[in-house]
Amino acid sequence: MSGITIQIEKTSNPAIVKFEASTFLTRHNSYEFKNIDDAKDSPLAQQLFYLPFVKTIFISGNFIAIERYNIVTWEDVQDEVAEQIQEYINSGKEIISESATAKKVVPVTVYAESTPNPTVMKFVANKKIVERIFEFKNIDETKYAPLAQALFHFPFVKEVFLDKNYISITKYDMVDWNDITMEIREFIRNYIQEGKEVISKDIPAEQKEKIEISDESFEALDDISKEIVNILEEYIKPAVASDGGNIMFDSYDPNSKVVKVVLQGACSGCPSSTMTLKSGIENTLKNLLKGQINEVIAING
């Protein structure tokens with residue numbers, strides 16, 4: 001491994017901090033270590049136990065959660081720990097040995113959440129299921145997405161949108177959500193609980209990157225376009241994601257001062273998206289970029 005980064009994430013327990021990696025560290029299994037003897041099957045956990053404040057280590061999916069003793073506060077040591085974990089992972093050393101015994105996997109829960117788009121339902125899991133956004137308009141696009149492919153076998157599924165810990169599903173009008181929500185929710189829960197592959201590790205790089213602006217593409221933009229992208233990321237995307245969708249910068253014309261954005265997931269084709277576009281996105285950009293924006297036009301993803 002190389003180029004892996006670690007993000008520090010607080011939890012509801014002040015004694016526990018999650019160190020989230022930009023890749024998966026384990027596949028389908030979770031491990032808990034109470035002391036250095038427990039950690040004989042994890043060289044990384046053993047190394048971390050040499051830190052005198054480490055009480056418990058939990059490794060699962062793409063994160064390492066550490067519980068501390070009260071001799072320190074996380075604010076004083078978390079950066080050092082994150083750096084140590086990042087350096088270890090990027091060295092390519094073994095994280096969990098093949099002989100390690102997995103901790104019993106925490107039961108997966110999935111709940112359904114309505115969105116502003118009546119044809120779209122958001123199914124939220126209690127664990128991370130993908131590392132980035134993926135959108136599928138039909139089954140032909142799901143070669144490297146087994147879960148999305150399986151969902152398209154339901155005749156009422158029109159589109160599938162995945163982002164971190166949720167799946168937004170667009171249905172055809174042939175059925176009502178009241179008749180199918182439970183079936184879909186249970187199908188997704190069982191699929192994740194069984195540890196089946198969601199996105200194939202063999203997915204081509206270009207398909208991974210097509211949803212987001214790459215660093216190279218961002219640097220090639222003009223200054224106003226860069227500011228628009230940053231505003232969308234900071235102010236607009238979190239709100240859009242909470243509704244089960246995504247917004248992506250498409251283009252900016254400095255002559256007409258028109259911004260084009262791509263709406264995805266629940267936002268694509270939503271009856272209220274026009275109002276959101278004008279009263280929310282357009283007004284925000286106009287207020288933050290005085291005199292630079294005349295109009296925002298949406299392109300459905």
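Scroll up to find the structure.
Since we're looking at a predicted model, the values are computed, not measured.

Evaluation of the coordinates by the stated rule reveals nine aromatic pairs. Both rings, one in Phe53 and one in Trp74, keep their centres 6.1 Å apart while their planes meet at 85°; by these two values the pair is edge-to-face. Note that Phe53 is positioned in the loop between helix H1 (43–49) and strand E4 (54–60) and Trp74 in helix H2 (residues 74–90), a separation of 21 residues in sequence. An aromatic cluster is present here, built from Phe154, Phe156, Phe187 and Tyr191 joined pairwise through their rings. The residue whose ring lies beneath Lys18 is Phe63, and the NZ or CZ to ring-centre distance is 4.3 Å. The ring centre of Tyr166 lies 4.4 Å from the NZ or CZ of Lys122, which sits over that ring.

Let us now look at the pattern of salt bridges. By the definition in use, this model includes nine salt bridges. Salt-bridge contacts for Lys128 lead to Glu20; the nearest nitrogen and oxygen are separated by 3.5 Å. Residue Lys128 is located in the loop between strand E7 (120–125) and strand E8 (134–136), and its partner Glu20 is located in strand E2 (residues 16–21); the two are separated by 108 residues in the primary sequence. Since its relative accessible area comes to 25%, Lys128 is described here as partly exposed. Close ionic contact of Glu113 with Lys122 constitutes a salt bridge, the shortest N to O distance being 3.7 Å. Given the relative accessible area of 25%, Glu113 is considered partly exposed. One continuous salt-bridge network, built from bridges that share partners, spans Glu135, Lys137 and Glu159.

Strand order in the open sheet formed by five strands is E1-E2-E5-E4-E3, with antiparallel pairing between adjacent strands. This sheet does not close on itself; its edge strands, each paired only once, are strand E1 (6–10) and strand E3 (30–33). On average, each strand axis in the sheet is tilted by 20° relative to the strand beside it, whichever way the strands run. As paired strands, E4 and strand E5 (residues 63–68) are joined by six bridges and run antiparallel to one another. Counterpart to Ser60 in the pairing with E5 is Phe63.

Strand order across the open sheet formed by five strands is E6-E7-E10-E9-E8, with antiparallel pairing between neighbours. This sheet does not close on itself; its edge strands, each paired only once, are strand E6 (110–114) and E8. Going from strand to strand, the sheet's axes swing by 20° on average, the running direction of each strand aside. The sheet contacts of helix H4 (residues 177–193) involve E6, E7, strand E9 (157–163) and strand E10 (166–171), and relative to E7 the element is tilted by about 30°.

Moving on, we get to the nonpolar core. Grouped together as the largest cluster of nonpolar side chains are 32 residues, with contacts concentrated most on Leu151, Ile167, Ile169, Ile184 and Ile188. Contributions of two or more residues to this core are made by E7, E8, helix H3 (146–151), E9, E10 and H4. Here the element with the most residues in this core is H4; it accounts for six residues. When residues no more than four places from it in sequence are discounted, the contact partners of Ile188 are Val110, Phe123, Leu151, Ile167 and Ile169. Counting 30 residues, the second largest nonpolar core, distinct from the first, contains Leu51, Trp74, Val77 and Tyr88.

This part takes up H4. End to end, H4 covers 23 Å across 17 residues, agreeing with the expected 24 Å (1.5 Å per residue, within 8%). For H4, the set of buried residues is Trp177, Ile180, Thr181, Ile184, Ile188, Tyr191 and Ile192. For H4, the buried positions fall inside an angular range of 120° around the axis, keeping them on one side. Structural note: H4 exposes Asp179 and Met182 on the side pointing more than 90 degrees away from its buried face. Against E6, E7, H3, E9 and E10 lie the buried residues of H4. N-cap assignment for H4: the residue whose side-chain oxygen lies 2.8 Å from the backbone N of Asn178 is Asp176. Note on H4: the residue one or two positions beyond its end, Gly195, has a positive phi of about 75°.

Conventions and cut-offs
- Residues numbered from 1 in each chain as written.
- Predicted model: local features only at pLDDT ≥ 70, side-chain atom pairs only at ≥ 80, totals over all residues.
- Heavy atoms only, no water.
- Phe/Tyr/Trp six-rings, centres within 6.5 Å; stacked < 30°, edge-to-face > 60°.
- Helix = DSSP H or I, 4+ residues; strand = E, 2+ residues; numbered from the N terminus.
- Lys NZ or Arg CZ within 6 Å of the ring centre and 35° of its normal.
- Salt bridge = Lys/Arg side-chain N within 4 Å of Asp/Glu carboxyl O.
- Buried < 20%, exposed > 50% of the residue type's maximum accessible area, 1.4 Å probe, protein only.
- Pairing = 2+ DSSP bridges.
- Axes fitted to C-alpha atoms, helices over the stretch in contact; angles between N-to-C directions.
- Contact = heavy atoms within 4.5 Å.
- Core = buried A, V, L, I, M, F, W, Y, C linked by side-chain atoms within 4.5 Å.
- Expected span 1.5 Å × (residues − 1).
- Arc of directions from axis to C-beta.
- Polar contact = N/O pair within 3.5 Å; in protein donor to acceptor, adjacent residues only side chain to side chain.

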